[in-house]
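Breakdown of the fold
If you want the building blocks of each chain, they are given just below.
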Amino acid sequence: MAEPEFTATGVRIGKRLRSLTRAGQVRINDGRLELLTSYGSEIDSAPVQAVRASKPWFAPDDRALADLNGNRYLLTLGEHDPAPGQAGPPAARRFIEAVRRAAGRGG
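Residues numbered from 1 in each chain as written. Predicted model: local features only at pLDDT ≥ 70, side-chain atom pairs only at ≥ 80, totals over all residues. Heavy atoms only, no water.

To continue, consider the overall build of the protein chain. When helices and strands are counted, the protein chain shows 1 helix and 7 strands. If you list the helices and strands of the protein chain from N to C, you get β-β-β-β-β-β-β-α. Every one of the 107 residues in the protein chain was classed for burial, and the buried ones make up 41%. Nonlocal contacts in the protein chain, meaning residues at least 24 apart in sequence, comprise 37% of its contacts between residues at least 6 apart. Carbon together with sulfur atoms contributes 47% to the accessible area of the protein chain, which is approximately 6500 Å² in total. (Helix = DSSP H or I, 4+ residues; strand = E, 2+ residues; numbered from the N terminus. Buried < 20%, exposed > 50% of the residue type's maximum accessible area, 1.4 Å probe, protein only. Contact = heavy atoms within 4.5 Å. Areas by Shrake-Rupley, 256 points an atom, 1.4 Å probe, with all protein chains shown as cover.)

Here 7 strands make up an open sheet; going across it, the order is β4-β3-β2-β1-β7-β6-β5 and the pairing antiparallel. The open sheet has two edge strands with one neighbour each: β4 (42-47) and β5 (52-54). Each strand axis lies, on average, 30° off the axis of its neighbour in the sheet, ignoring direction. For strand β3 (residues 32-36) and β4, the ladder comprises 5 bridges, and the chain directions are antiparallel. (Pairing = 2+ DSSP bridges. Axes fitted to C-alpha atoms, helices over the stretch in contact; angles between N-to-C directions.)

Counting residues in each nonpolar core, the largest one holds 24 residues, and the members touching the most others are Val-26, Leu-68, Leu-75, Leu-77 and Phe-95. It is helix α1 (residues 92-102) that provides the largest number of residues to this core, a total of 5 residues. (Core = buried A, V, L, I, M, F, W, Y, C linked by side-chain atoms within 4.5 Å.)

Evaluated as defined, the whole model comprises 2 aromatic pairs. Both rings, one in Phe-6 and one in Phe-95, keep their centres 5.8 Å apart while their planes meet at 55°; by these two values the pair is tilted. Of this pair, Phe-6 sits in strand β1 (residues 6-15) while Phe-95 is found in helix α1, placing the two residues 89 residues apart along the sequence. Using a relative accessible area of 4% as the deciding quantity, one classes Phe-6 as buried. Ring plane angle 80° and centroid distance 6.2 Å describe the contact between Trp-57 and Phe-58, whose orientation is recorded as edge-to-face. (Phe/Tyr/Trp six-rings, centres within 6.5 Å; stacked < 30°, edge-to-face > 60°.)

Examined against the element boundaries, Arg-72 turns out to sit in strand β7 (residues 71-76). Along the backbone, Arg-72 and Lys-15 are 57 residues apart, and their C-alpha atoms lie at a distance of 6.4 Å. Discounting residues that sit within four places of it in the chain, Arg-72 has contacts with Gly-14, Lys-15, Arg-16, Arg-52, Leu-65, Ala-66 and Asp-67. Here the side chain of Arg-72 touches Asp-67 through a polar contact of 2.8 Å, side chain to side chain. (Polar contact = N/O pair within 3.5 Å; in protein donor to acceptor, adjacent residues only side chain to side chain.)

This next bit is on unusual backbone geometry. Positive phi, normally seen in glycine, also occurs at Phe-58, with a value near 55°. Following the sequence through the fold, Phe-58 ends up in the loop between β5 and β6 (63-68). Under the relative-accessibility criterion, Phe-58 is labelled exposed at 84%. Phi at Asn-69 takes a positive value of approximately 55°, unusual for a residue other than glycine.

Below is the structure:
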């Protein structure tokens, strides 16, 4: 199995005002974006070409929006990339760039 193109753990995933998980995972693997709970159960997934990733207006730098399958998810990643060897989610900016790169839309 190929190495995932992007992986983030410890991500808070919410839908509207409801928190779905506080320590979830976001993965881009084999052309699909997967949102997973902390236990590895799938919340949602879609081909990367069908996903829209963006930065919400007037939100802290650690937030990103992901629209997939008609649902909008608010992802709380890190404000800054973690130091080498340190645990923690990567910056939201890296997530948005990874989605665009995997979908072939540039970065």
